[in-house]
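Here is what each chain is made of, one letter per residue.
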Amino acid sequence: MLRALAAAFPDARCELDFTTPLELAVATILSAQCTDKRVNEVTPALFARYPAAVDYAGADRTELEELIRPTGFFRNKATALIGLGQAVVERHDSVLPGTLDELVKLPGIGRKTANVILGNAFGVPGLTVDTHFGRLVRRWGWTAEEDPVKVEHAVGALVPKRDWTMVSHHVIYHGRRICHARKPACGVCTLAVDCPAFGTGPTDPAQAAVLVKGPETVHLLALAGFGVPEGDGAVIVAGDSEP
């Protein structure tokens, strides 16, 4: 299954835009109950206005809230960002720490966010157990645990530590593109032969193909032997000229 995921998503990466660990921490806090796309629309102006921890620590709340308003829950997020800036300045000499124990003690940063930061900004392997990850690994029978920390430990025991960060990306990509919560695209899923939940969604390839989302759609359908889905739900099969 890991090999199939790697083949399906060879370019998988953190979909939040950032250039520093602090920027990733801020973007990840903003991503709660918000799409990565929307966060990436907001952060260029935010990062330009607040380039360092000290800038968040002394931010004008009204101005900060207005900048992050499109991400939702902007008041709570502003509180977290100001608190994060103050804590980094006071406890860590204005430098975001690079260990799990230190990160989870900072405002707005839980274990999931800490693993995102560690894996993608510091190169420290970490499993990011978000909604997609937990749902998929339970669907696949990798674990029956519901608690995110228990899921993290259970999957961590199955997967080599060096691969934790990339496995997180691959599973999350698969959840966003193919293995949807209500109607997964089972009929064009390259994990189908190994998936105990095969049949949760449509197994007919033509019906499943139109459910695939994201910029990798052509690649994913090609792996399943299909072309690009037509707007009316028809699918052009690879090698055919008619839908």
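Residues numbered from 1 in each chain as written. Predicted model: local features only at pLDDT ≥ 70, side-chain atom pairs only at ≥ 80, totals over all residues. Heavy atoms only, no water.

## So, the packing of aromatic side chains
Step number 1: All chains considered together, the criterion is met by three aromatic pairs.
Step number 2: On the basis of an interplanar angle of 55° and a centroid distance of 5.1 Å, the ring pair of Trp 140 and Trp 142 is categorised as tilted. For the pair shown, Trp 140 and Trp 142 are each scored as buried.
Step number 3: In this structure, Arg 69 packs its charged tip against the face of Phe 74, placed 4.3 Å from the ring centre.
Step number 4: Taking the ring centre of Tyr 173 as reference, the NZ or CZ of Arg 177 above it sits at 4.1 Å. (Phe/Tyr/Trp six-rings, centres within 6.5 Å; stacked < 30°, edge-to-face > 60°. Buried < 20%, exposed > 50% of the residue type's maximum accessible area, 1.4 Å probe, protein only. Lys NZ or Arg CZ within 6 Å of the ring centre and 35° of its normal.)

## Side note on the packing of helix α2 (residues 21-30) against helix α3 (residues 36-49)
Step number 1: At a closest axis distance of 10 Å, the pairing of α2 and α3 adopts a crossing angle of 135°. By the angle between their directions, the pair α2 and α3 is classed as oblique. Crossing angle aside, the handedness with which α2 passes α3 is right-handed. Touching Glu 23, Val 26, Ala 27 and Leu 30 of α2 are Val 39, Thr 43, Leu 46 and Phe 47, all from α3.
Step number 2: Across the contact of α2 with α3, the residue classes break down as six nonpolar, one polar and one charged. (Axes fitted to C-alpha atoms, helices over the stretch in contact; angles between N-to-C directions. Helix = DSSP H or I, 4+ residues; strand = E, 2+ residues; numbered from the N terminus. Parallel < 35°, antiparallel > 145°, perpendicular 65-115°, else oblique. Left-handed = near helix turned anticlockwise from the far one by under 90°. Contact = heavy atoms within 4.5 Å. Nonpolar A, V, L, I, M, F, W, Y, C, P; charged D, E, K, R; others polar.)

## Focus: the pattern of salt bridges
Step number 1: Within the structure shown, the criterion is met by 11 salt bridges.
Step number 2: Close ionic contact of Arg 177 with Glu 15 constitutes a salt bridge, the shortest N to O distance being 3.0 Å. Here the residue Arg 177 occupies a position in helix α11 (residues 164-177), and Glu 15 occupies one in the loop between α1 (2-8) and α2, the gap between them amounting to 162 residues.
Step number 3: Two residues, Arg 176 and Asp 36, come together in a salt bridge whose shortest N-O distance is 3.2 Å. Taken as a pair, Arg 176 in helix α11 and Asp 36 in helix α3 lie far apart in primary sequence, 140 residues in all.
Step number 4: Take Arg 176: its relative accessible area is 29%, and that puts it in the partly exposed class.
Step number 5: Bridged by salt links that share partners, the residues Glu 15, Asp 36, Arg 176, Arg 177 and Glu 216 form one connected network. (Salt bridge = Lys/Arg side-chain N within 4 Å of Asp/Glu carboxyl O.)

## Quick word on the state of the cysteines
Step number 1: Evaluated as defined, the whole model comprises zero disulfides.
Step number 2: A disulfide-free cysteine, Cys 14 has its sulfur positioned 14 Å from the sulfur of Cys 34, the nearest such atom.
Step number 3: On the basis of relative accessibility, which here comes to 11%, the residue Cys 14 falls in the buried class.
Step number 4: Left without a disulfide partner, Cys 179 is nearest to the cysteine sulfur of Cys 195, which lies 6.2 Å away.
Step number 5: Under the relative-accessibility criterion, Cys 179 is labelled buried at 6%. (Disulfide = S-S within 2.5 Å.)

## Structural notes on helix α5 (residues 61-68)
Step number 1: If you check which residues of α5 are buried, you get Leu 64, Glu 65 and Ile 68. Buried residues of α5, viewed axially, fall in a sector of 100°; they line one side.
Step number 2: Lining the buried residues of α5 we find α2, α3 and α6 (74-92). (Arc of directions from axis to C-beta.)

## Some details on α3
Step number 1: A rise of 1.5 Å per residue sets the reference length of α3, with its 14 residues, at 20 Å; its end C-alpha atoms lie 20 Å apart and thus fit the reference within 8%.
Step number 2: Its axis deflected by about 40° at Thr 43, α3 carries its strongest bend there, up to four residues before the proline Pro 44.
Step number 3: Along α3, the residues classified as buried are Asp 36, Val 39, Asn 40, Val 42, Thr 43, Leu 46 and Phe 47.
Step number 4: Looking at the buried positions of α3, the neighbouring elements they touch are α2, α4 (53-57), α5 and α11. (Expected span 1.5 Å × (residues − 1). Bend = angle between axes of the 7 residues up to and from the residue.)

## Concerning the nonpolar core
One recurring pattern in soluble globular proteins: nonpolar side chains tend to sit buried together.
Step number 1: Of all hydrophobic cores here, the largest spans 35 residues; its most connected members are Val 26, Leu 64, Leu 84 and Ile 109.
Step number 2: Secondary-structure elements contributing two or more residues to this core are α2, α3, α4, α5, α6 and α8 (111-121).
Step number 3: Of all the elements, α6 adds the most residues to this core, at eight residues.
Step number 4: The residues contacting Leu 64, other than those within four sequence positions of it, are Leu 46, Tyr 50, Ala 59, Ala 78, Leu 81 and Ile 82. (Core = buried A, V, L, I, M, F, W, Y, C linked by side-chain atoms within 4.5 Å.)

In short, shape yes, function no, at least from these values alone.
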